[in-house]
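These are the residues of each chain, in order.
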Amino acid sequence: MKKLYELFSKFNISISLWLLNLLIGLLFVSVFNLYFWQEIIAIIKPESITDYQLIGSIILFLILVINLVFNLLTSQKTYKVFYVLVFTISAISFYYIAQYNIIIDKEMVRNVVETNHSEARDLMSFSLLSYLFVFGLIPILLILKTELTDQNIWSQLIIKIKVTVVSVMTIGLIVYLNYPSFASLARTNRHLSHMIVPTNFIFATISYITEQFNKAQLPFSDIAQDAFHLKLSKPNDKNVVILIVGETARADRFSINGYRRETNPRLEKRHVVNFKQTSSCGTSTAVSLPCLFSHLERRSYSHKVGKNSSNLLDFFKQAGIDVQWRDNNTGCKGICGRVDYVDFSNNSDELFCSDGECFDEILLKGLLEQINANPNDQFIVLHQKGSHGPAYYLRYPPDFKKFTPTCQSVQLQKCSSEALNNTYDNTIVYTDYFIDQTMKLLESLPQGTSSSLVYIADHGESLGENNLYLHGTPYLIAPESQTHVPFIYWAPHQTDNKTASLMSCLEKSEDHHLSHDHLFHSMLGLMNVSTSYYKPELDVFSSCHSDHVNSRT
Ligand SMILES: [Zn+2]
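Residues numbered from 1 in each chain as written. Predicted model: local features only at pLDDT ≥ 70, side-chain atom pairs only at ≥ 80, totals over all residues.

Each helix and strand counted, the protein chain has 19 helices and 18 strands in total. Relative to the 2.2 N^0.38 estimate, which gives 24 Å for 553 residues, the radius of gyration of the protein chain is 27 Å and therefore close to what a compact globule would have. In terms of its C-alpha atoms, the protein chain occupies a principal-axis envelope of roughly 85 × 50 × 50 Å. Long-range pairs, those at least 24 residues apart, make up 73% of the contacts in the protein chain between residues at least 6 apart in sequence. (Helix = DSSP H or I, 4+ residues; strand = E, 2+ residues; numbered from the N terminus. Rg over C-alpha atoms; globule rule 2.2 N^0.38 Å. Contact = placed C-beta atoms within 7 Å.)

As a further point, take the sheet that holds strand β17 (residues 513-515). Taken in spatial order, the 3 strands line up as β15-β6-β17 in an open sheet, and their pairing is mixed. Strand pairing shows two members of the sheet lacking a second neighbour, β15 (484-485) and β17, which therefore form its edges. Bridge analysis of strand β6 (residues 277-279) against β15 gives 2 bridges, and the strand direction is antiparallel. Within the sheet, the bridge partner assigned to threonine 278 lies in β15 and is valine 485. (Pairing = 2+ DSSP bridges.)

What follows deals with the pairing of strand β7 (residues 322-327). Pairing of β7 with strand β11 (residues 378-383) involves 6 bridges; the strand directions are parallel. In the strand pairing of β11, aspartate 322 is matched with glutamine 378. The pairing of β7 with strand β8 (residues 340-343) spans 4 bridges and is parallel. Bridge assignment links tryptophan 325 to a residue of β8, and that residue is tyrosine 341.

Our next topic: the packing of helix α6 (residues 106-113) against helix α11 (residues 199-217). A pair of packed helices is captured by two measures, namely the crossing angle of their axes and the spacing between those axes. Contact pair α6 / α11: the axes reach a minimum separation of 8 Å and the direction vectors enclose 70°. Between α6 and α11, the crossing angle belongs to the class labelled roughly perpendicular. Contacts between α6 and α11 involve Lys106, Met108, Val109 and Arg110 on the former and, on the latter, Phe201, Ala204, Thr205, Ser207 and Tyr208. Considered class by class, the residues forming the contact of α6 with α11 number 5 nonpolar, 2 polar and 2 charged. (Axes fitted to C-alpha atoms, helices over the stretch in contact; angles between N-to-C directions. Parallel < 35°, antiparallel > 145°, perpendicular 65-115°, else oblique. Nonpolar A, V, L, I, M, F, W, Y, C, P; charged D, E, K, R; others polar.)

Turning our eyes to something else, we now look at the confidence of the model for the protein chain. Averaged over every residue, the pLDDT of the protein chain is 91; the share at 70 or more is 96%. Contacts for the low-pLDDT stretch residues 548-553, under 50 throughout, to residues beyond four places or in other chains number 16 contacts. (pLDDT = per-residue confidence, 0-100.)

Quick look at unusual backbone geometry now. Most peptide bonds take the trans form, and the phi angle of most residues other than glycine is negative. Look at the link from valine 197 to proline 198: it is a cis peptide, with omega at 5°. Along the chain, proline 198 falls in the loop between α10 (179-188) and α11. In the segment running from glycine 389 into proline 390, the intervening peptide bond is cis, with an omega of 0°. Looking at the element boundaries, proline 390 is found in the loop between β11 and α16 (417-443). With a phi close to 55°, lysine 333 is a non-glycine residue in the positive phi region.

What follows covers the sheet that holds strand β5 (residues 273-274). In a beta sheet, neighbouring strands are held together by backbone hydrogen bonds and run either parallel or antiparallel to one another. With mixed pairing, 7 strands are arranged side by side in an open sheet as β5-β16-β12-β4-β11-β7-β8. The two strands at the open ends of the sheet, each matched to only one other strand, are β5 and β8. Note: strand β12 (residues 449-457) against strand β16 (residues 487-490), 4 bridges, orientation antiparallel. Residue pairing in the sheet places isoleucine 456 in a bridge with phenylalanine 487 of β16.

Along its sequence, the protein chain is carved into domain 1 (2-216) and domain 2 (230-552). Each of domain 1 and domain 2 has a C-alpha centre, and the two are 39 Å apart. With 24 residues of domain 1 at the interface, the matching set in domain 2 holds 28 residues. Sorting the residues of the side of domain 1 that touches domain 2 by element identifies α5 (79-100), α6, α7 (117-122) and α11 as the ones contributing at least two each. Of the residues forming the side of domain 1 that touches domain 2, the biggest block, 4 residues, is contributed by α6. Within the side of domain 1 that touches domain 2, the residues separate by chemical class into 5 nonpolar, 10 polar and 9 charged. (Domains from an automatic or database assignment.)

Over its 19 residues, α11 runs 27 Å from end to end, which matches the ideal 27 Å to within 8%, given 1.5 Å per residue. Every buried residue belonging to α11 is among Thr199, Asn200, Phe201, Ile202, Ala204 and Tyr208, and all of these are buried. Among the structural elements, α4 (49-73), α5 and α6 are those in contact with the buried residues of α11. (Expected span 1.5 Å × (residues − 1). Buried ≥ 20, exposed ≤ 12 C-beta atoms within 10 Å, placed from the backbone.)

Looking now at the environment of leucine 23. Counting through the fold element by element, leucine 23 comes out in helix α2 (residues 17-32). Here the alpha-carbon distance between leucine 23 and asparagine 67, two residues 44 residues apart in the chain, equals 8.7 Å.

Before going further, it helps to examine the nonpolar core. The nonpolar side chains of soluble globular proteins are, as a tendency, buried together. Counting 76 residues, the largest nonpolar core has Ile242, Phe316 and Met527 as its most contacted members. If one sorts the elements of this core by residue count, α16 sits on top with 8 residues. Among residues more than four places away in sequence, those in contact with methionine 527 are Asn239, Val241, Phe316, Ile321 and Phe379. Counting residues in hydrophobic clusters, the runner-up holds 46 residues, among them Ala91, Phe94, Ile104 and Leu412. (Core = buried A, V, L, I, M, F, W, Y, C linked by C-beta atoms within 7 Å.)

Mapped onto the elements of the fold, leucine 72 is located in helix α4. We classify leucine 72 as partly exposed; it has 13 C-beta atoms within 10 Å. Between the C-alpha atom of leucine 72 and that of lysine 160, which follows or precedes it by 88 residues, the distance is 7.6 Å.

In C-alpha cells:
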C-alpha cells in the first residue's frame, strides 16, 4: 500500500490544456452519456446508412460542444478546481440518471438547492458512493496529478481562440448540413439536451443563478393591500379552514378516484367533494408550491414575479385572518416568509418521530388547543411529507403496511414493480388516515366555529412506467402520473342546511377540468376575502355561495 502511494506521488502527467480538455470531452461523450446514447438509439432506431450518418454527426457535435464548453470555462489556474467540481457533480448526475431516469434542468437544480437534510439523506445509498468513487474520485486524482506543458499565458490565449473559432465553425457546419434532422429531433424530444452530461447541469446552474440574480434585483411587490375580509351573517362565528398540501400523491392511486385497491378506506366512508380531474402547476415541490399560492396562472407563472409578490397567505394576513403554516416537508419554498411558520419535520415527539423523521400526524400536535384558544378566523396550512420518494417505506407507521411485500430500499429498480407499487400505495393509505384524523379534529371544534378542509397535492409521481421514477420531469413532456393530482373539499356537520346545499352544489363540478390555478381564487372565496386580484371564474365555490362577498363583486 505504501509502495503504491509512493508510486502514485511520483506519478505525473504532462499535458497541454487543450489536449486535456479534448480527452476529458471524449470521456464524457463515451462514458457519462451512455443513457443519452441509449435514448438516441431508441428514438432514431437506426436501420439505413443515413441513420448511422446522423448518429455520427451527433457524436461529432457533442464532442465539439463539450470541448468548447471546457475550453471556455478552464484556465491554467482554475482547471483543477473546475474539473473537481465537474467530475463530482457528473458522477452524482450519472448515478441518478441511471437509477431514476431523471432529467437535469433548471427546475432540478432548484430542487437540489431547496432540499433539506432528511430529503437528501433519503437519496443516499452505497451505490451512489461507488459511482462517486469510480466516476468522480479516480478521474479527479488523475487530474490533480497533471502538469500543464505550456505555461505561457499568451500562447494559451491564442490556442484558446483557435479552438473556439474552429469549434464554432465546425459546429455551425454540422448543424447546417443536418438541420432538418437536428431540428425535428430537438423539437420532438425536448428532454434530450437535459440528458447530456455535463452541459445539462452547467447550463441549468447558470440559468438558475441568473434567475436568482434577476429576482434579487426586483423589489417585493405588495399587491395584497386592497384585500378585505367580510364577516358573514353570524358575526360572532369563527371560521377555520385547514388546507392540507399533499406531497407526491397521484390522483389515480386514490380509490375514491376509482383505483382498484382500497387506498382510501376512510375517505370512502366520508362524504367529500372530489374534484377528480385536477392538474398540477409543476412536477416538483419547488415549482408547484409557489405557483399554487400565487395569483398567477400556470401559463404565466414565473418565480421572478410569483415569489416576489404577495401570495394567498399575504392576502389573508392583510385581511386580518390569522395564518399559520405547519411543515413536515422541506419548508414552504418562501411562501410563508411573512406569516407564522412552525417546522415539525425535526420534532422530537416520541410517538410520531424517530431518526430525524416524523410521520404526518405530527402536524396535528397541539392544533386543536391552538384553534380553540384563538378567537379569530384562521387559515392553517398542513404541509405533508405524504408520499415523498424514493424512501416510500419510511412514510408510514408499521400499522399502515397494508399491501405487502414492500420495497425497503431507495434503489427502486432493485425492487419488483409489485413491491414498489405496494409501498407507494401504503403511503396513500396513511395519507387517507391523516386526512380523516384532521376531519375528526374539525368535527370536535365547539359550536360557533364553522370549519372546512381542503386537500390538494403538489404533484404526482412516476413509479417505473417507461422506466421513469420519481418526479420533476419537464412539464411539457411529463406523464399524467406526475401532473394529475387529488383535490378534495369537505366540511363537518353536513346535516346543516347551508353545508348540505354547498356540498351538493359543489358536486356538480366534480368532473370539471380544474388545476392549481383554481386554488388561489377558491381559497379567497372560501375565506370571504375580496380583492381586485380575485377571479370568480377560477373559484370553484363562486356559484355555490349564496351569502358570499365575492359573489357580489
Ligand atoms: Zn413535492
